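# Descriptive structure summary
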Amino acid sequence: MKFGVCLNLNVIFGFICAFQCASARVLETYNFTDSIRTAVVDAHNLARRLVNPPAQNMRIMSWDNQLARLASQYSKRCLFKDNEQRSHSRFKPPGENIFVSRGLNFDRNYAVRSVVDWDAEKAYYSLDNGCQDNQICGHYTQVVWSDTFKVGCGASKCTSINVRGQEWRDATVLICNYGPSGNVVGRLPYVEGQSCEACHSSDRCENKLCTNPMREASVPPTPTWTEWGQWTECSATCGRNGGARTRRRSCSTTVISDCTGASINYDIFTCVLLPDCPTGGGGPSTAWNAWGRWSECSRSCGSGRQSRTRRCSTGNVRDCSGGNRMNLRCNTQPCVTTSAVWRAWGRWGDCSQSCGGGRQSRTRTCSTGTNGDCSGTNQSSRACNTQVCPSWRPWSAWGTCSKTCGAGQQARSRTCSTGNDQDCSGRNEMTSRCNTQDCPTWRPWSTWSDCSKSCGSGERSRSRSCSTGNNFDCDGRSEGTEACNTQDCPTWLNWNNWSSCTASCGGGTRTRRRICSNRRRNDCTGSDQEIEVCQTSPCPAEWLSWSPWSDCSKSCANGERSRSRSCSTGNNRDCDGRSEVAKACNVQDCPTWEAWGAWESCSRTCGGGRRTRTRSCSTGSNKDCTGVAEIVEDCNTENCLIPTGLKDLSDNRHIMAPRLQHAIKSSRLRLVIWKLSIEKQVKSYPLNQ
C-alpha cells in the first residue's frame, strides 16, 4: 500500500515534468546516518536479487557520497520535478527517483518503505511486454537496472510541495540518484538467465549479485585499459565477402565507460582473402551457438509473444556481439467468444496483514459483461503472509569500548528473527558512552628559552608537564630542544679608503669606515669608524670665515647688527684687517597713532550717558602701536527734569535713603514716578479746568 507519490523523470527514459512546482521553504534537511545508508542500499539490493525472471548480469549496489550530496542539495528546493542540472564526475548523467509524502517524518523506516514502493511497480512490468498501459514502471526499472552499481540519496522536510497541481503541506521529499543511469530507450533493465552467468570475469557471485571491490570502492581507482585479449577466429572460413575477427580489453574499474576509447578492436584485413565456399556454404559462426527453439505462444489468440535464445560459445554472453534473445509476436488473430466464459483472473490484491496470516482476493469478469451469465463465482481469496511476524532477538553483550579514557563508545546489536533487520521496526544497533574519565594529557609547552648563542648554531629548550602531575602517565617527551641562530656569525668586511683631510694645514682629521657582513653594525664587535690626525704642518695667518649676522638691535627706526671673524693663528693681531663689522638694519619708521577721531553722540540725553572716540595705527593694524585705540567717557550727567507734582518728594531728597536716590536716577524709576505724577495731577484738578 503506497504511503506517498513517486516520480521518475529520467530524461533518457523520456518522462518530462509538465507542471510548475510552487516555491516552498525547507524546514529541515535530514542526515543520512550509517544505519539509514545501509538500509537504503540493502533495500535496493534485495529488490535486485529477487527479480523474476532471474538476471544473469545484476550488479550489487553500494553508496556514493557525491550522488548523495547531489540528491540532498536538490531536496532543499522542495520540488516534485526532475533535476535537469544534475551532474556527476563519473556518471553522465546520473539517474534519479523521487518520492514525496505528507505528514510523515523521515527516518530509516521511511527510506526503506520508499524503495519498497518503487519496487512494487514490478506488478505492472514484464521483460516481454514492458510496462502496462497507463501505469508507471520507471522507478522499478531504475532500481533493478543491471548496470547501475552506485546510489546516493537525500531528503528534506518542506512547508509545502506542489504535487501534480495540488499543494501538499508538511511534505517530505526523498531523492535517490543512480550511476550509471538506467531506463535507456531500447534496452531491457537486465538480461534474463541464470544468476551471475554474465558477470565480469573479475567479479564474484554473492547472493545472486555480481560483486567487485574495485568497482564498488568509495574512491574509484584511476581507470586504465588492460592488455588486449587474443584475437578471435575469423567469423568466416570461406567466401568472397571475407569475415572479421575481434579482440577485447577491459577497463580496470570493470566499468567500460570509465575508460576513454573502444573496448573492442575489429580486424577485417586478416580475414578478407578467403577461398570460395562450396556451393550453398558460408562459414559457420564462431561465436554464437545456434538459436534454440521458439517458446510456446503466451496466448492462443489476441496477439501473444514467443521467444528464443542462443548461447555464446565461450559461455559468457558478453564475449559475443549482438543479443542472445529474440522476441516475436504470435497468434495475432482476434479471439472469438462463442459463449459466456470467464475472462482471466485479475491480479491478487494486497494482503490484509504483512505477517502472521492474512487474506488477499482477486476478481474476474464474464465475457458478456454480466457476471450472472457465467457459472461460478467472480471472486477468489487465499491466505497470504503466513510467516511469523518478525521480532527482535535479544541484544548482544556490549562490545569493547573504543577508548580507554576520554569518553569512548561501545556498541551492541540485535537481529531480526527473519534474518533481515529491515523486517523489524526499530534500531538494530545501539551505542553507549564509556570510559568517560579524562585522559592524561600534556599541558601546553613552555616558551622557548633564549638561544645559547646569537649566531653560529646555538640551542634552545622548552618543557611541559602531564595533567596528572606525573610525566610518566603521558606518552611522549616532557622536554624538547631545537637548534637556533644557525646562521654564520657576522664579521667586519675590509676598511674603506681614507676620506680627505678636514684641513690642508695646521692639523685636520680624516676617517675611514667598514661594514658588518650582515649589514647590522651592532652585530659585530668593535667600531665601524676609525679617525686619525692629518695635515699637521702650520698654516699661514689668515682670516677664518665670518660669523652669521647678529639680530637687529631695534625693530624699527634704524637699528644695528654685527658679525665677527677670527685669525687662523688664534690671535687677531696676526691678521691684517678688522675682526668685527656692523651695519644698519630695520631703518623704517616705527608705527605711530594717527589723530583721535571726533566724539560719538552720547548714549543718553540726561541722567548720565557714555560716548567714545577711536584712532588708528599708521600700519593699518592697531596691534603694531602701543596704547589703546578707543577711549570712553561719561556725558549728559545732569539730572533729568522732575514733574511738578513730585516737588515735595524732590525737596525732601536729602532725607531719602541712598538706594532710593540712586533708583530715582534710573530710567525705569523715572518712568514709574512720571506715571504717578500724571495720575496725581489728573486727580488734583477739576474736569472743567
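Preceding block: the structure.
Quantities reported herein were computed from a predicted structural model and do not represent experimental measurements.

The rules behind each value
Residues numbered from 1 in each chain as written. Predicted model: local features only at pLDDT ≥ 70, side-chain atom pairs only at ≥ 80, totals over all residues. Heavy atoms only, no water. Helix = DSSP H or I, 4+ residues; strand = E, 2+ residues; numbered from the N terminus. Buried < 20%, exposed > 50% of the residue type's maximum accessible area, 1.4 Å probe, protein only. Contact = heavy atoms within 4.5 Å. Areas by Shrake-Rupley, 256 points an atom, 1.4 Å probe, with all protein chains shown as cover. Disulfide = S-S within 2.5 Å. Expected span 1.5 Å × (residues − 1). Salt bridge = Lys/Arg side-chain N within 4 Å of Asp/Glu carboxyl O. Core = buried A, V, L, I, M, F, W, Y, C linked by side-chain atoms within 4.5 Å. Axes fitted to C-alpha atoms, helices over the stretch in contact; angles between N-to-C directions. Parallel < 35°, antiparallel > 145°, perpendicular 65-115°, else oblique. Left-handed = near helix turned anticlockwise from the far one by under 90°. Nonpolar A, V, L, I, M, F, W, Y, C, P; charged D, E, K, R; others polar. Phe/Tyr/Trp six-rings, centres within 6.5 Å; stacked < 30°, edge-to-face > 60°. Lys NZ or Arg CZ within 6 Å of the ring centre and 35° of its normal. Polar contact = N/O pair within 3.5 Å; in protein donor to acceptor, adjacent residues only side chain to side chain. Pairing = 2+ DSSP bridges.

## Thoughts on the overall build of the protein chain
- If you tally the helices and strands in the protein chain, you get 8 helices and 26 strands.
- Burial analysis of the protein chain (689 residues in total) assigns 31% to the buried set.
- Partitioning the contacts of the protein chain with sequence separation of at least 6, the portion at a separation of at least 24 is 63%.
- Carbon and sulfur atoms provide 48% of the accessible area of the protein chain, an area that totals close to 43300 Å².

## Some thoughts on the state of the cysteines
- Enumeration over the complete set of coordinates arrives at 24 disulfides.
- For Cys78, the disulfide goes to Cys158, at an S-S distance of 2.1 Å. Judged by the sign of its S-S torsion, about -90°, the bond between Cys78 and Cys158 is left-handed. On the criterion of sequence distance, the pair formed by Cys78 in the loop between helix H2 (65–75) and strand S4 (95–102) and Cys158 in strand S7 (residues 150–163) is long-range, its members being 80 residues apart.
- What pairs with Cys556 in a disulfide is Cys590, and their sulfur atoms sit 1.8 Å apart. Its S-S torsion of approximately 95° makes the covalent link between Cys556 and Cys590 right-handed. Linking Cys556 in the loop between strand S22 (529–534) and strand S23 (559–564) with Cys590 in the loop between strand S24 (580–585) and strand S25 (609–614), this pair joins segments that are 34 residues apart in sequence.

## Concerning the environment of Ser467
- Locating Ser467 in the fold gives a position in the loop between strand S19 (458–463) and strand S20 (479–484).
- By relative accessible area, Ser467 is classed as partly exposed at 33%.
- Sequence spacing of Ser467 and Arg443 is 24 residues, and the spatial spacing of their C-alpha atoms is 6.1 Å.

## Some details on the side chain of Ser263
- On the secondary structure map, Ser263 appears in the loop between strand S11 (245–248) and strand S12 (264–267).
- Judged by relative accessible area, Ser263 falls into the buried class, the value being 15%.
- With residues near it in sequence (within four places) discarded, Ser263 still touches Trp225, Trp228, Arg247, Arg248, Arg249 and Ile256.

## Remarks on helix H1 (residues 34–49)
- In this model H1 runs 22 Å from its N-terminal to its C-terminal C-alpha over 16 residues, within 8% of the 22 Å that 1.5 Å per residue would give.
- Taken together, the buried positions of H1 are occupied by Ile36, Ala39, Val40, Val41, Ala43, His44, Asn45, Ala47 and Arg48.
- Contacts from the buried residues of H1 go to strand S3 (62–63), helix H3 (108–119), helix H4 (138–143), S7, strand S8 (166–179) and strand S10 (209–211).

## Regarding unusual backbone geometry
- For the peptide bond that leads from Lys92 to Pro93, omega is -10°, which places it in the cis range.
- Within the fold, Pro93 resides in the loop between H2 and S4.
- Residue Pro180 is reached from Gly179 by a cis peptide bond, and omega for that bond is -10°.
- Here the phi dihedral of Arg164 falls at roughly 50°; this positive angle occurs in a residue that is not glycine.
- A positive phi angle is found at Asn435, which is not glycine, with a value near 45°.
- With respect to the helices and strands, Asn435 occurs in the loop between strand S18 (429–434) and S19.
- For Asn435, a relative accessible area of 31% translates into the label partly exposed.

## Quick word on the pattern of salt bridges
- Throughout the structure, instances matching the rule amount to 18 salt bridges.
- Residues Asp528 and Arg513 are paired through a salt bridge, measuring 3.9 Å at the closest nitrogen-oxygen approach. Here Arg513 lies in strand S21 (residues 508–513) and Asp528 lies in the loop between S21 and S22, a separation of 15 residues in the sequence.
- On the basis of relative accessible area, Asp528 is assigned to the buried category, the value being 11%.
- The salt bridge involving Arg520 is made with Asp523; its shortest N-O contact spans 2.8 Å.
- By relative accessible area, which is 53% here, Arg520 ends up exposed.
- The exposure class assigned to Asp523 is partly exposed, which follows from its relative accessible area of 36%.
- One salt-bridge network, in which partners are shared between bridges, spans Asp82, Arg86 and Glu96.

## Side note on the nonpolar core
- Counting 36 residues, the largest nonpolar core has Phe32, Phe106, Trp118, Cys153 and Leu174 as its most contacted members.
- Elements that contribute at least two residues to this core include exactly H1, H3, H4, S7 and S8.
- Top element by residues in this core is H1. It accounts for 6 residues.
- When neighbours within four sequence positions are excluded, Phe106 is seen to be in contact with Tyr30, Phe32, Ile36, Ala111, Ala155, Thr172 and Leu174.
- In this structure, Leu79, Phe80, Cys158 and Ile175 belong to the second largest nonpolar core, which totals 14 residues.

## Examining the packing of H1 against H3
- Closest axis-to-axis distance for the H1/H3 pair is 9 Å, and the angle between their directions is 20°. In terms of orientation, H1 and H3 fall into the roughly parallel class. Along this stretch, H1 crosses H3, giving a crossing that reads as right-handed. Contact with H1, carried on its side by Ser35, Ile36, Ala39, Val40, Ala43, His44 and Ala47, involves Arg108, Ala111, Val112, Val115, Trp118 and Asp119 of H3 and no other residues of that element.
- Of the residues belonging to the contact of H1 with H3, the class tally is 9 nonpolar, 2 polar and 2 charged.

## What about the packing of aromatic side chains?
- Enumeration over the complete set of coordinates arrives at 8 aromatic pairs.
- For the pair Phe32 and Phe106, a centre-to-centre distance of 5.0 Å together with 40° between the ring planes defines the contact as tilted. In this pair, Phe32 is assigned in the loop between strand S2 (26–29) and H1 and Phe106 in the loop between S4 and H3, connecting sequence segments 74 residues apart. We note that Phe32, like Phe106, is buried.
- Through a chain of ring-to-ring contacts, three or more aromatic side chains come together here, namely Tyr30, Phe32, Trp63, Phe99, Phe106, Tyr110 and Trp118.
- Above the plane of the ring of Trp445 lies Arg462, whose end atom (NZ or CZ) is 4.3 Å from the centre.
- Sitting over the ring of Trp549, Lys583 keeps its end group 4.4 Å from the ring centre.

## Considerations on H2
- Residues of H2 that are buried: Leu67, Ala68, Leu70, Ala71, Ser72, Tyr74 and Ser75.
- Along its buried surface, H2 packs onto S2, S3, S4, S7 and S8.

## Regarding the environment of Asn428
- Tracing the chain through its elements places Asn428 in the loop between strand S17 (408–413) and S18.
- A relative accessible area of 15% places Asn428 in the buried class.
- For Asn428 and Trp392, which are 36 residues apart along the polypeptide, the C-alpha to C-alpha distance reads 8.2 Å.
- Once residues lying within four places of it in the same chain are set aside, the contact partners of Asn428 are Ser35, Trp392, Trp395, Arg412, Ser413, Arg414 and Asp421.
- Side chain to side chain, Asn428 and Asp421 meet in a polar contact 2.9 Å long.

## A word on the pairing of S7
- Of all 14 residues making up S7, 13 are buried, and the element is well covered by its neighbours.
- In this structure, S2 lies alongside S7, joined through 3 bridges in antiparallel fashion. Its bridge partner lying in S7, Glu28 is registered against Lys157.
- Here 2 bridges tie S3 to S7, and the two strands are oriented parallel to one another. Looking at the pairing, Ser62 lines up with Lys150 of S7.
- In terms of strand pairing, S7 meets S8 through 13 bridges, oriented antiparallel.

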